[in-house]
Amino acid sequence: MNASSHAVQVLGKTVKLPRCGVVRMREELRFAGRVLGATVSRTADGWYVALAVETEERLKAAEDRGAVGVDLGIRTLATFSDGSGAPALKPHRAEHKRIVRLSRSLSCKQKGSANRAKAKAKLARLHLRIANVRKDALHKLTTTLATKYSTIGIEDLNVSGMLKNGRLARAIADAGFFEFRRQLEYKAAMTGAQVIVIDRFYPSSKTCSGCGAIHAITLSERVIECGCGLKMDRDLNAAINIRRQALAQHSVERKALADASATVKPASVKQKKSALHRNVQAA
Ligand SMILES: [Zn+2]
């Protein structure tokens, strides 16, 4: 249901909707501004109202304008090249048992019965809660990145390839890589930060970040050790390499832009710019 602005009024924890009247909300509206409209939806037995607000609030521009490399993983959700990061995000695995139990109890309930409907709603609520926890953690992570750094190097994970491996599939879906990249890209556009997706074939985990030597490191090895004396957590080593590779790609792009603007008429530079940007993103 869509409602136009004059019909929707928000006052504290209540919202006045056309046809419904005044409805209580679980929390107050977090943004100040003119309410443009409302959309009511129903998910897992709960009613939700999405309010469109015209507001001046937006993400602040990136703070220190520095560059960071981000290694996404399963044991640790994200490791940054400066040593910070975000812990693992595996609510699904933690609650997998509950899901299995609820699904089983659902399947032995008689079709069309009230008990079946109840079990179904319970399962749906659990799925929704898990999804919300995951989304919240990812939002915190992507906001941190987009507001703290001006250049953010990330890997182009060949997720579709990895999903073929059944055992990895759930963990990857849990970690929400797709959602991570989607959020990061739209937030970076708001703060003016640049997301650089590094080359898919760049061996970020196998390269020593100290001397550049390539090692045959297996997935189970958590520490990389190199003849040059480097001994480091594998995710941190990868993040440092990702940062360096992102900066290298970034300077190649800038050089290409400079060359293009030197030889092309100013009117065409803009076009060239966006084309180049796309190439770098797709690489
Ligand atoms: Zn080395």
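Procedures and definitions
Residues numbered from 1 in each chain as written. Predicted model: local features only at pLDDT ≥ 70, side-chain atom pairs only at ≥ 80, totals over all residues. Heavy atoms only, no water. Helix = DSSP H or I, 4+ residues; strand = E, 2+ residues; numbered from the N terminus. Contact = heavy atoms within 4.5 Å. Donors = N, O, S within 2.8 Å, 3.2 Å for Na, K, Ca; no water. Tetrahedral: all angles 85-135°; square planar, octahedral: opposite > 155°, others 65-115°. Phe/Tyr/Trp six-rings, centres within 6.5 Å; stacked < 30°, edge-to-face > 60°. Buried < 20%, exposed > 50% of the residue type's maximum accessible area, 1.4 Å probe, protein only. Salt bridge = Lys/Arg side-chain N within 4 Å of Asp/Glu carboxyl O. Lys, Arg positive; Asp, Glu negative; His and termini not counted. Pairing = 2+ DSSP bridges. Axes fitted to C-alpha atoms, helices over the stretch in contact; angles between N-to-C directions. Core = buried A, V, L, I, M, F, W, Y, C linked by side-chain atoms within 4.5 Å. Parallel < 35°, antiparallel > 145°, perpendicular 65-115°, else oblique. Left-handed = near helix turned anticlockwise from the far one by under 90°. Nonpolar A, V, L, I, M, F, W, Y, C, P; charged D, E, K, R; others polar.

A. Looking closely at the overall build of the chain. Helix and strand content of the chain: 8 helices and 13 strands. Look at the contacts in the chain between residues 6 or more apart in sequence, and 59% of them connect residues 24 or more apart.

B. Highlighting the coordination of the zinc ion. Protein coordination of the zinc ion is provided by Cys208 (SG), Cys211 (SG), Cys226 (SG) and Cys228 (SG), with donor distances spanning 2.3 Å. If you look at the zinc ion, its 4 donor atoms make angles of 105 to 115° with each other, and the shape they trace is tetrahedral. Read N to C, the donor residues that coordinate the zinc ion are spaced as C-x2-C-x14-C-x1-C. With Cys211 in the loop between strand E11 (194-198) and strand E12 (223-225) and Cys228 in the loop between E12 and strand E13 (231-233), this pair connects stretches of sequence that are 17 residues apart.

C. Examining the packing of aromatic side chains more closely. Throughout the structure, instances matching the rule amount to 1 aromatic pair. When the centroid spacing of 6.1 Å and the interplanar angle of 85° are considered together, the rings of Phe80 and Tyr149 count as edge-to-face. Residue Phe80 is located in strand E8 (residues 78-80), and its partner Tyr149 is located in strand E10 (residues 149-155); the two are separated by 69 residues in the primary sequence. Accessibility expressed as a relative area gives 3% for Phe80, which makes it buried.

D. The arrangement of the pattern of salt bridges in detail. This structure, assessed with the given rule, holds 8 salt bridges. Here Glu54 makes a salt bridge to Arg34, at a shortest N to O gap of 3.6 Å. Placement of Glu54 in strand E6 (residues 46-54) and of Arg34 in strand E5 (residues 34-43) is noted, with a sequence separation of 20 residues between them. By relative accessible area, which is 48% here, Arg34 ends up partly exposed. A salt bridge links Arg182 to Glu179; its shortest N-O distance comes to 2.8 Å. Here Arg182 pairs with Glu179, and both are found in helix H6 (residues 177-191), just 3 residues apart, close to one helical turn. Through salt bridges with shared partners, a single network forms among Asp156, Arg181, Glu185 and Arg200.

E. Up close: the side chain of Asp71. Locating Asp71 in the fold gives a position in strand E7 (residues 66-72). Arg234 is the oppositely charged side chain nearest to the buried, salt-bridge-free Asp71, at an N-O distance of 6.6 Å.

F. Fine view of the sheet that holds strand E4 (residues 21-24). Taken together, 3 strands build an open sheet; the order of strands is E2-E3-E4 and the sheet is antiparallel. Among the strands making up the open sheet, the edge pair consists of strand E2 (9-11) and E4. If you compare each strand with its neighbour and ignore which way they point, the axes differ by 25° on average. As defined by bridge partners, E2 adjoins strand E3 (residues 14-17) across 3 bridges and the pair is classed as antiparallel. If you follow Gln9 over to E3, its bridge partner there is Lys16.

G. Local environment of the nonpolar core. Val70, Leu141, Leu145, Ile152 and Phe180 are the most contacted members of the largest nonpolar core, which totals 20 residues. Those elements that place two or more of their residues in this core are E7, E8, helix H3 (114-148), E10, H6 and E11. No other element matches the 4 residues that H6 contributes to this core. Each residue touching Val70, except ones within four places of it in the same chain, is listed here: Ala78, Thr79, Phe80, Leu145, Ile152, Gly153, Ile154, Glu155, Phe180 and Ile242. Val8, Val15, Leu17 and Met25 belong to the second-largest nonpolar core, a separate cluster that totals 8 residues.

H. Main features of the packing of helix H2 (residues 96-107) against H3. The contact between H2 and H3 brings their axes to 9 Å, and the two run at 160°. When the axes of H2 and H3 are compared, the pair comes out roughly antiparallel. As H2 runs across H3, the sense of the crossing is left-handed. Counted together, Arg98, Ile99, Leu102, Ser103, Ser105, Leu106 and Ser107 of H2 and Arg116, Ala119, Lys120, Lys122, Leu123, Leu126, His127, Arg129 and Ile130 of H3 form the full contact between these two elements. Partitioned by chemical class, the residues of the contact of H2 with H3 number 7 nonpolar, 4 polar and 5 charged.

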